[in-house]
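# Examining the three-dimensional arrangement
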Amino acid sequence: MSTEPIGGDASFDASTPLARELADLSNRRRNFAKRVVPLPETTRVFTVANQKGGVGKTTTTVNLAAALARSGARVLVIDLDPQGNASTALGVEHRAETPSVYDALIRDEPMADLVQKSPEFDTLFCVPATIDLAGAEIELVPMVAREQRLRTSVDTYLQDSFDSGAAYHYVFIDCPPSLGLLTINAFVAAHEVLIPIQCEYYALEGLSQLLKNIQLIERHLNPSLAVSTILLTMYDGRTRLAFQVAEDVRSHFPDQTLTAVIPRSVRVSEAPSYGQTVISFDPNSPGALSYFEAAAEIADRGAPTDGN
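Residues numbered from 1 in each chain as written. Predicted model: local features only at pLDDT ≥ 70, side-chain atom pairs only at ≥ 80, totals over all residues. Heavy atoms only, no water.

The protein carries the name Chromosome partitioning protein in an unreviewed UniProt entry, which gives Agreia bicolorata as its organism.

Below you can see the structure in the form of structure tokens.
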């Protein structure tokens, strides 16, 4: 094994774990810089869901959205979690009385009146969530077609955007950590489900129930719904447990699991406190690079084929 200094700095030994990690990071940055991220021919609508809390749902939603927007896509994030963390991370207003997704679900307000542009990128937009959404589960119960209210609003808005020449390439719906009516609305409105799974003990706990619910939605309410993407998050390459969890997930879901994994990262955790995603907060960090790679992989999977 070579012990030559990296970059001419005698303080670094290429045989050390730190030096190898830095060299690998540099190679990944160079390789990604050469990639061309394709755009889909039609809008891809993802619901990001996992009823298990703390798996990185919101972090994944906003950072994938920001990475795709930075790569040239026009992206909409719909914050369907009453906590409003996705709205915070994207730097959009979501105080009480702010027009929000609640108004689309309960009051039939046009989504065009609710969308805000994120200050991060000109092609990144968000429909925020406010505290009003906390009561929406109860208010939806007596409503006609209660499971389809979000889809009706989203479909109308996407068609209007297309007709006006401002079509979206991606829509990401951030769900609360539950399987209630808000999450059901998200499943009905989407075409694809993205499931973040943390590389920790009990990672697969509850996943079978989530998949059963998705199958029920597909069978009775949304035949076009499918689990297309699984993303491994909070990966710590120093531990055998993380490696084993990743192997288990890939063996169960070989076609859906992305090659890219999201490491544990202080910068990813810090970014929302500044009202930013890690993509704009520290685009050169390992966490940001991992989200760029995951976003590019998602884009590649949905790229048009030439049919030859």
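## Some words on the packing of helix H6 (residues 149-163) against helix H7 (residues 181-189)
Between H6 and H7, whose axes approach to 7 Å, the crossing angle comes to 40 degrees. The angle between the axes of H6 and H7 places the two elements in the oblique class. Between H6 and H7 lies a crossing whose hand is right-handed. Contacts between H6 and H7 involve Arg149, Leu150 and Arg151 from the former and Asn185, Ala186, Val188 and Ala189 from the latter. (Axes fitted to C-alpha atoms, helices over the stretch in contact; angles between N-to-C directions. Helix = DSSP H or I, 4+ residues; strand = E, 2+ residues; numbered from the N terminus. Parallel < 35°, antiparallel > 145°, perpendicular 65-115°, else oblique. Left-handed = near helix turned anticlockwise from the far one by under 90°. Contact = heavy atoms within 4.5 Å.)

## Remarks on the environment of Arg70
On the secondary structure map, Arg70 appears in helix H2 (residues 57-70). We classify Arg70 as partly exposed; its relative accessible area is 45%. Each C-alpha atom, one on Arg70 and one on Ile279, is 8.3 Å from the other, the two residues being 209 residues apart in sequence. Beyond its immediate stretch of four places on either side in the chain, Arg70 contacts Phe121, Ile279, Pro283 and Phe292. Engagement of the side chain of Arg70 in a polar contact is seen with the backbone oxygen of Ile279, the distance being 3.4 Å. (Buried < 20%, exposed > 50% of the residue type's maximum accessible area, 1.4 Å probe, protein only. Polar contact = N/O pair within 3.5 Å; in protein donor to acceptor, adjacent residues only side chain to side chain.)

## Describing the nonpolar core
A general trend in soluble globular proteins is that nonpolar side chains are found buried together. Ranked by internal contacts, the top residues of the largest apolar core, which has 52 residues, are Leu76, Ile78, Met111, Leu150, Ile173 and Ile195. Examining the composition of this core, we find that six residues originate from one element, H7, more than from any other. Filtering out sequence-adjacent residues up to four positions away, Met111 remains in contact with Ile78, Ala104, Val127, Leu150, Ser153, Val154 and Tyr157. Core analysis: the next-biggest nonpolar cluster, separate from the first, contains 40 residues, Phe46, Ala66, Val278 and Ala295 among them. (Core = buried A, V, L, I, M, F, W, Y, C linked by side-chain atoms within 4.5 Å.)

## So, the packing of H2 against helix H12 (residues 286-301)
At a minimum axis distance of 9 Å, the contact between H2 and H12 shows a crossing angle of 75 degrees. Judged by the inter-axis angle, H2 sits roughly perpendicular to H12. Packed against H2, whose contacting residues are Thr59, Thr60, Asn63, Leu64, Ala67, Leu68 and Arg70, the element H12 presents Tyr291, Phe292, Ala294, Ala295, Ile298 and Ala299 at the interface.

## Structural notes on the packing of aromatic side chains
One pass over the full model with this rule turns up five aromatic pairs. When the centroid spacing of 5.7 Å and the interplanar angle of 45 degrees are considered together, the rings of Tyr157 and Tyr168 count as tilted. Of the two residues, Tyr157 sits in helix H6 while Tyr168 sits in the loop between H6 and strand S5 (170-174), which places them eleven residues apart along the sequence. As far as burial versus exposure is concerned, Tyr157 and Tyr168 are alike and both buried. Connected via pairs of aromatic rings, a cluster forms that spans Phe46, Tyr170 and Phe172. For the cation-ring pair, Arg74 lies above Tyr168, with the distance from its terminal atom to the ring centre recorded as 4.7 Å. (Phe/Tyr/Trp six-rings, centres within 6.5 Å; stacked < 30°, edge-to-face > 60°. Lys NZ or Arg CZ within 6 Å of the ring centre and 35° of its normal.)

## Comments concerning a nonpolar patch on the surface
On the surface, Tyr201, Tyr202 and Leu241 cluster together into a nonpolar patch covering about 370 Å² of accessible area. Residue position: Tyr201 is located in the loop between strand S6 (192-198) and helix H8 (207-220). By relative accessible area, Tyr201 is classed as exposed at 59%. (Patch = residues over 30% accessible without salt bridge, like charges linked within 9 Å, V, L, I, M, F, W, Y side chains within 5 Å. Areas by Shrake-Rupley, 256 points an atom, 1.4 Å probe, with all protein chains shown as cover. Salt bridge = Lys/Arg side-chain N within 4 Å of Asp/Glu carboxyl O.)

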